[in-house]
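Fold and contact review
So the chains spell out like this:
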4 protein chains.
Amino acid sequence: MLYFLSDYTEGAHPKVLAHLCARNLVSLPGYGDDADTGAAKEKIRAACGRNDLQICFLVGGTQTNRIAVSATLRSYEGVVCADTGHVNVHESGAIEHSGHKVLPLPQENGKLSAAALAEYMDAFLADETNEHMVRPGMVYISHPTELGTLYTKAELSALSETCRQYGLPLYLDGARLGYGLMSPASDMTLSDIAALTDIFYIGGTKVGALCGEALVYTRGNMPPHFTAVIKQQGALLAKTRVVSQQFDALFTDGLYWEIGRHAIRQAMRLKKMFTDRGYKLFADSPTNQQFFVMSPAEIERLRQYAAFETWAPLGENRVAVRFVTSWATTDEQLDELERVL
Amino acid sequence: MLYFLSDYTEGAHPKVLAHLCARNLVSLPGYGDDADTGAAKEKIRAACGRNDLQICFLVGGTQTNRIAVSATLRSYEGVVCADTGHVNVHESGAIEHSGHKVLPLPQENGKLSAAALAEYMDAFLADETNEHMVRPGMVYISHPTELGTLYTKAELSALSETCRQYGLPLYLDGARLGYGLMSPASDMTLSDIAALTDIFYIGGTKVGALCGEALVYTRGNMPPHFTAVIKQQGALLAKTRVVSQQFDALFTDGLYWEIGRHAIRQAMRLKKMFTDRGYKLFADSPTNQQFFVMSPAEIERLRQYAAFETWAPLGENRVAVRFVTSWATTDEQLDELERVL
Amino acid sequence: MLYFLSDYTEGAHPKVLAHLCARNLVSLPGYGDDADTGAAKEKIRAACGRNDLQICFLVGGTQTNRIAVSATLRSYEGVVCADTGHVNVHESGAIEHSGHKVLPLPQENGKLSAAALAEYMDAFLADETNEHMVRPGMVYISHPTELGTLYTKAELSALSETCRQYGLPLYLDGARLGYGLMSPASDMTLSDIAALTDIFYIGGTKVGALCGEALVYTRGNMPPHFTAVIKQQGALLAKTRVVSQQFDALFTDGLYWEIGRHAIRQAMRLKKMFTDRGYKLFADSPTNQQFFVMSPAEIERLRQYAAFETWAPLGENRVAVRFVTSWATTDEQLDELERVL
Amino acid sequence: MLYFLSDYTEGAHPKVLAHLCARNLVSLPGYGDDADTGAAKEKIRAACGRNDLQICFLVGGTQTNRIAVSATLRSYEGVVCADTGHVNVHESGAIEHSGHKVLPLPQENGKLSAAALAEYMDAFLADETNEHMVRPGMVYISHPTELGTLYTKAELSALSETCRQYGLPLYLDGARLGYGLMSPASDMTLSDIAALTDIFYIGGTKVGALCGEALVYTRGNMPPHFTAVIKQQGALLAKTRVVSQQFDALFTDGLYWEIGRHAIRQAMRLKKMFTDRGYKLFADSPTNQQFFVMSPAEIERLRQYAAFETWAPLGENRVAVRFVTSWATTDEQLDELERVL
């Protein structure tokens, strides 16, 4: 069976695992207060070209979103996002469970625009009854988005500036950031991300790690006593080293970017295979998630050979499906897919 | 200044206040374990024609919604409602603050239809990833709705039946129930409400009381240790008598219905005044909230004489406004409004 | 049946009720933005001799404690109190339900000492693992305490100073403040309370009102968007006037103090009755709650005539009981109690 | 530097890591729905001699405690534990952050007795005001305890029976279960643990894994939609395989028990070293945590050679310290410690 279900269907990139093995018997104190964790932070700071970034390592994406959002908002505030945003749709209500409303706005191709945000904020501020409403307290975006699309630097700059005008911290969910920044369609670097957001995370789980995300505060704005905040939510690793050592490997000799480039190359080949055969795109993604339109019969046939997700029913005998590539997607797998397509 | 701001701009109906005064010096134990509270429950049961209803008295609408919803849902569940629903829009995120997502559905005239609910539930149940989504755990409706509109008995029956099919308790917010049931457009009784819902509340604050709502469980489904639940949320009155004595008065000699009929009569006269003068309706409400379309200039002129709310900007120099009548709206006030209109 | 169960077994002091009736038909906007609420605040400010106090009106004591505490603390902080504190024992876990730990310290006669607080804080700060513990974020005391006892001005000053040294806001629960300040044992005024605390509330429910408490911020420290905070917890009254008009009456012509003095006078007579007959004190209270030690047989006999609470089993056939006086306790009731004692 | 700080200062047992490496490139679906996770569950069931156990894999101890407790309790319930319990002292208030009070009882040597529990429950149930208190809803114990001590089978049986009588689920925190069950002082097996508790977890993080705990429900009592519950708290691993593969290794060829036996052997040698030199025990632990009493000068001297934790100041120039052994503690390290002692 060929696996295009997601980018988290294998373990870790071999170089990541090798580094874990190499450091395995070194004795280190717990809870993030160790030299290896310090070293990993330094490598991320270097990759961003910024030595003032505050960083902590968490285990997974929903956990990171939940903590970043709930530690930023005051009790009466909510988080604004595109209505397709992961926090709005696919986190089992983790944000609401932490006490906050998700405030979804209409989007285009999974992206929230500066204009839509400004319109929403102006209406909120003009509403005389807004003390009875949930106050927008920050903005969440994902990059790449849930549809694989990318903000341009101009778009992200405009959104960042609009957030600044309204006093809203901008948080970027970078679960697949490595794939996003290595897309030929991207005109941004990691430094741009750090410059244009207040908080963001660099995804590890989907980009070559066993598990782990690096949460970055870019304005000296990490909440006080953040270790206690993380512990309280059940997210403090005794062996933080397990995540930080993986990030050390990912940010050594450009491995994170190598992983990104590889998956994008495979994704572009895969996309061409499908479009060459006449499949329509459900979303035109320049990253490692590819969305096509199929009939149920086509899905049934193809599932004999390959695992992939159905994304959304489209009516009239059409269904959107998703194929995902990763660091682990080989040329042989794509050859085989091509044969059975 | 004429007051059409809302139905909570005066104290209590004089008969309600008189009863509070009459019982003032009677010594009673606290926290709802008193004879007067028992008597008020009996009168409500009699008005519903049901001796098996479980009832408790709370102070306000948002409090009642928050407690009813959070005590019904499991942690991973959310409450489905019309996107115009009070819990979704105007309660400062009280539901989310209690840990639960509000799941808004499209509505017509403020009403949630059985068909829209069924479509949503079918899609949810068919989604293979729904463990990653918020599970619908109950349905919230308001009657009258936030737009003053009413469910017909057929509509509520269909919704009730759909809820039953999907295992969703149906909760009805009756903040203005007395005005709803006394509208000529209503084809339901209080008994119908009790028969077709699992939980509902009879509004006092907006229907003649100083404060207070009667929360009713219709299927023996009041959660266990409900006193502790209420206390924990800061909603347990030491002197529950203050609310229950008011409900005793409201349900003595049909006062609750008399209040409803009076306000509806005044609202219909008010509506005719406006439509006779060519004002368009923003919503066609058969109850005590009336919505018209005005220009900013008309609003400014009229506000010299009368207090009323602007509801929503409509674009192109038009604004929706709301006028509300109540038990306290006199003929003289309407005469005066007519003069200045 | 004579009622000494508590100070909330009757309605409101007749003058309070009379003021509610007098203002009943005046039209006022909702949610606290009305002239009567403004007037009541002014009277409280005048009684405190401070024109800079920020005040809001809430409905009950547990609600007020829950909101004051949860709006002050950050997520990782807890509230320090005497282990007998109401928030620790008798609020059904309202503080924990809002997400915060109650940090109980040993007490004497219901009082938390500056020394006990300093010792606790020093130990916390010296503990290298304290990021894994709940951080003390504020201090709660009640005055009078749950045992009817009073802080002296020297004790409260020391506690206040210790709180200041450790950066802990001091919050005083004044559910029975009127009774406390009118005790001959008190050497403090309302101005002293305002000067020595950061937040406190003036109890209405137990001191002559139908319901209601006045929450006071003394340092310009009312949290931002506090209306939304209150609404979100289900505590915002549409008719805030109902509470504020009662406080207006309580702070007109010294009614609040008259109520306090009356109840204390009755309590002292009651205390003497019991001690003259040889009953031992369980706590030596100078306020309106009186605690005695009785045998089960004595309790059973006396309960034929009077309602009162058992407080705590003491072992060896002895039980602590509580008798409470209030504004409503008449000379005739005490005469009758004396006859049956 | 010799490391006796804790049992989480190295990576994973080499056999655990080897298994992770061996399975690294196998493609598996996410979120626990994979064959390797199924296989690990089977091995744990076999080790317990029970094929009906419900198991899920989580990442860390505080996370597991928070989820197990909050998913078991109703909103008005709290968790009873020894006052030394990890959930009460060292989890940054994770339980309270989930909305529940921790109800600490006095303990002896870190253990909660059936008698203390029964006494507490009887007093609670006899208290007429207990609707105003937090209702005990479950019992938490740790085994080994925070002081390294162990319940005997008789003690655990009595506690289990008392819990059953009062309708309280019994939850056992087995963060160091492997070390506990391999102590010569233990008269219990893993099957006994499964038989005598309602919920327990088998610790991985401190017993040879990089991270991970196995949460076990023994009565078919896993809460419904538990995947959503876990996700909502940010604890659902995309690659659950990372934890389950480690547990597969731990429960292959008795590795979990081999790790336990090794650490106990090293701990007993270490204990003898200290007591032979006249150090007093702070707690008499038969497991891998050893507690001694030292002077600050002794601590300072020894810290030149070895890392260990100070546990608690004891007054009079005495401090309790903790030394911990693990699967990674070598004979050479103990030889070296002996030289410098």
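Here we look at the overall build of chain A
Helix and strand content of chain A: 14 helices and 13 strands. Expected size for 341 residues packed as a compact globule is a radius of gyration near 20 Å; at 20 Å, chain A falls within 12% of this value. Here the C-alpha coordinates of chain A stretch approximately 60 × 55 × 35 Å along the principal axes. Looking at chain A as a whole, 63% of its 341 residues are labelled buried. Put simply, of all contacts in chain A between residues at least 6 apart along the chain, 72% involve residues at least 24 apart.

Observations concerning the pattern of salt bridges
Residue and element names in this part refer to chain C. A full pass over the atoms with the stated rule returns 74 salt bridges over all chains. Notably, a salt bridge pairs Glu42 with Arg45, separated by 2.6 Å at the nearest N-O pair. Taken together, the residues Glu42 and Arg45, both in helix α2 (residues 35–48) and 3 residues apart, mark about one turn of the helix. Judged by its relative accessible area of 45%, Glu42 falls in the partly exposed class.

Some thoughts on the relation of the copies chain D and chain A
Taken as rigid bodies, chain D and chain A are interconverted by a rotation of 180° and an axial shift of 0.0 Å, the fit giving an RMSD of 0.0 Å. In symmetry terms, the pair is related by a two-fold rotation axis. Looking at the interface residues of chain D, 100% of them are also at the interface in chain A, so both copies use one shared face.

Section: the interface of chain D and chain A
Between chain D and chain A, the contact holds 44 residues from the first and 44 residues from the second. In total, chain D and chain A occlude about 3900 Å² of area from one another, counting both sides; carbon and sulfur atoms represent 58% of this. One can count 0 salt bridges joining chain D with chain A. Across the chain D-chain A interface, the total number found is 26 residue pairs in polar contact (both at pLDDT 80 or more). Residues belonging to the side of chain D that touches chain A are distributed by class as follows: 22 nonpolar, 16 polar and 6 charged.

Section: the domain arrangement of chain A
Residues and elements named next belong to chain A. Parsing chain A into structural domains produces domain 1 (2–7 + 255–340) and domain 2 (14–250). The gap between the C-alpha centroids of domain 1 and domain 2 is 27 Å. Carbon and sulfur atoms make up 67% of the area that domain 1 and domain 2 hide from each other, which totals about 2100 Å². Here domain 1 and domain 2 share 2 salt bridges between them. Where Lys15 meets Glu258, a salt bridge forms, and the shortest distance between an N and an O atom there is 4.0 Å.

Concerning the relation of the copies chain B and chain C
Here the two chain copies are tied together by a rotation about an axis and a shift along that axis. Overlaying chain B with chain C gives an RMSD of 0.0 Å, the required rotation being 180° about an axis along which the chain moves by 0.0 Å. A symmetric contact is evident, with 100% of the interface residues of chain B recurring at the interface of chain C.

Quick notes on the side chain of Asp198(D)
Looking at the element boundaries, Asp198(D) is found in the loop between α9 (190–196) and β7 (199–203). Setting aside its immediate chain neighbours within four residues, Asp198(D) contacts Leu168(D), Pro169(D), Leu170(D), Val216(D), Tyr217(D), Thr218(D), Arg219(D) and Asn221(D).

Things to note about the interface of chain B and chain C
Each side of the interface is counted separately: chain B has 44 residues, and chain C has 44 residues. Carbon and sulfur atoms supply 59% of the area buried between chain B and chain C, which totals about 3900 Å² over both sides. The largest share of the area that chain B buries against chain C comes from Tyr8(B), Gln232(B) and Lys239(B), three residues that together contribute 17% of it. Between chain B and chain C we count 0 salt bridges in total. Connecting chain B to chain C are 26 residue pairs in polar contact (both at pLDDT 80 or more). Those elements that place two or more of their residues in the side of chain B that touches chain C are α1 (14–22), α3 (61–72), α5 (94–97), α10 (226–232) and α11 (241–250) of chain B. The residue inventory of the side of chain B that touches chain C, partitioned by class, reads 22 nonpolar, 16 polar and 6 charged.

Quick look at the packing of aromatic side chains
Going through the model one piece at a time under the given rule, you end up with 64 aromatic pairs over all chains. Centroid distance Phe274(D) to Phe323(D): 4.8 Å. Interplanar angle 55°. Geometry classified as tilted. Highlighted residues: Phe274(D) in helix α12 (residues 255–276) and Phe323(D) in strand β13 (residues 318–324), separated in sequence by 49 residues. Across this residue pair, the class does not change: Phe274(D) and Phe323(D) are buried. Over the aromatic face of Phe308(B) sits the side chain of Arg303(B), whose NZ or CZ is 5.1 Å from the ring centroid.

Some remarks on the sheet that holds strand β8 (residues 213–217) of chain D
All names here are of chain D. Pairing is mixed in the open sheet, where 7 strands are placed in the order β2-β8-β7-β6-β5-β3-β4. On the outer flanks of this sheet lie β2 (54–58) and β4 (102–105), each paired with one strand and no other. Direction aside, the axes of adjacent strands within the sheet are offset by 25° on average. Sheet analysis places strand β3 (residues 77–82) next to strand β5 (residues 135–142), joined by 5 bridges and oriented parallel.

A closer look at the environment of Arg277(C)
If you trace the backbone, Arg277(C) turns up in the loop between α12 (255–276) and β9 (281–283). Exposure remark for Arg277(C): the relative accessible area of 38% places this residue in the partly exposed category.

Side note on the sheet that holds strand β6 (residues 170–174) of chain A
Residues and elements named next belong to chain A. One open sheet accounts for 7 strands, arranged β2-β8-β7-β6-β5-β3-β4; its pairing is mixed. Edge strands, defined here as strands with exactly one partner in the open sheet, are β2 (54–58) and β4 (102–105). Taken pair by pair, the neighbouring strands of this sheet meet at an average axis angle of 25°, ignoring direction. Pairing between β6 and strand β7 (residues 199–203): 4 bridges, direction parallel. Counted as the bridge partner of Gly174 is Ile202 from β7. Across the sheet, helix α7 (residues 153–166) lies against β5 (135–142) and β6, angled at about 140° from β6, the strand it touches most.

A look at the packing of α2(C) against helix α11 (residues 241–250) of chain C
Residue and element names in this part refer to chain C. Put simply, α2 and α11 touch, their axes get as near as 8 Å, and they point 40° apart. With respect to the hand of their crossing, α2 and α11 are arranged in left-handed fashion. For the pair α2 and α11, contact is made by Asp36, Thr37, Ala39, Ala40, Lys43 and Ile44 and by Arg241, Ser244, Gln245, Phe247 and Asp248, respectively. Classifying every residue of the contact of α2 with α11 by side-chain character gives 4 nonpolar, 3 polar and 4 charged.

Observations regarding unusual backbone geometry
For the bond from His143(C) to Pro144(C), the omega torsion is -5°, close enough to zero to count as cis. Assignment of secondary structure puts Pro144(C) in the loop between β5 (135–142) and α7 (153–166). The residue Asn109(B) is not glycine, and still its phi comes out positive at about 55°. Residue position: Asn109(B) is located in the loop between β4 (102–105) and α6 (114–126). Residue Asn109(B) is classed as partly exposed on the basis of its relative accessible area, which comes to 47%. Phi is positive for Glu316(D), which is not a glycine, with a value near 50°. Within the fold, Glu316(D) resides in the loop between β12 (309–315) and β13. Overall, the relative accessible area of 74% leaves Glu316(D) in the exposed class.

A few points about the confidence of the model for chain A
Low pLDDT means the predicted coordinates in that region are not meant to be read closely. Taken as a whole, chain A shows an average pLDDT of 97; of its residues, 100% reach a score of 70 or greater. Confidence estimates for the predicted assembly give a pTM of 0.97 and an ipTM of 0.97.

Brief notes about the pairing of strand β13 (residues 318–324) of chain C
Residues and elements named next belong to chain C. With 6 of 7 residues buried, β13 is to be regarded as a mostly interior element. Sheet analysis places strand β12 (residues 309–315) next to β13, joined by 5 bridges and oriented antiparallel. Across the sheet, Ala312 pairs through a bridge with Ala320, a residue of β13. The turn linking β12 back onto β13 is made up of 2 residues, and Glu316 within it adopts a positive phi angle of 50°.

Reading guide: rules and limits
Residues numbered from 1 in each chain as written. Chains lettered and ligands numbered in written order. Predicted model: local features only at pLDDT ≥ 70, side-chain atom pairs only at ≥ 80, totals over all residues. Heavy atoms only, no water. Helix = DSSP H or I, 4+ residues; strand = E, 2+ residues; numbered from the N terminus. Rg over C-alpha atoms; globule rule 2.2 N^0.38 Å. Buried < 20%, exposed > 50% of the residue type's maximum accessible area, 1.4 Å probe, protein only. Contact = heavy atoms within 4.5 Å. Salt bridge = Lys/Arg side-chain N within 4 Å of Asp/Glu carboxyl O. Least-squares fit on C-alpha atoms with pLDDT ≥ 70 in both. Buried area = accessible area lost by both parts, 1.4 Å probe. Polar contact = N/O pair within 3.5 Å; in protein donor to acceptor, adjacent residues only side chain to side chain. Nonpolar A, V, L, I, M, F, W, Y, C, P; charged D, E, K, R; others polar. Domains from an automatic or database assignment. Phe/Tyr/Trp six-rings, centres within 6.5 Å; stacked < 30°, edge-to-face > 60°. Lys NZ or Arg CZ within 6 Å of the ring centre and 35° of its normal. Pairing = 2+ DSSP bridges. Axes fitted to C-alpha atoms, helices over the stretch in contact; angles between N-to-C directions. Left-handed = near helix turned anticlockwise from the far one by under 90°. pLDDT = per-residue confidence, 0-100.

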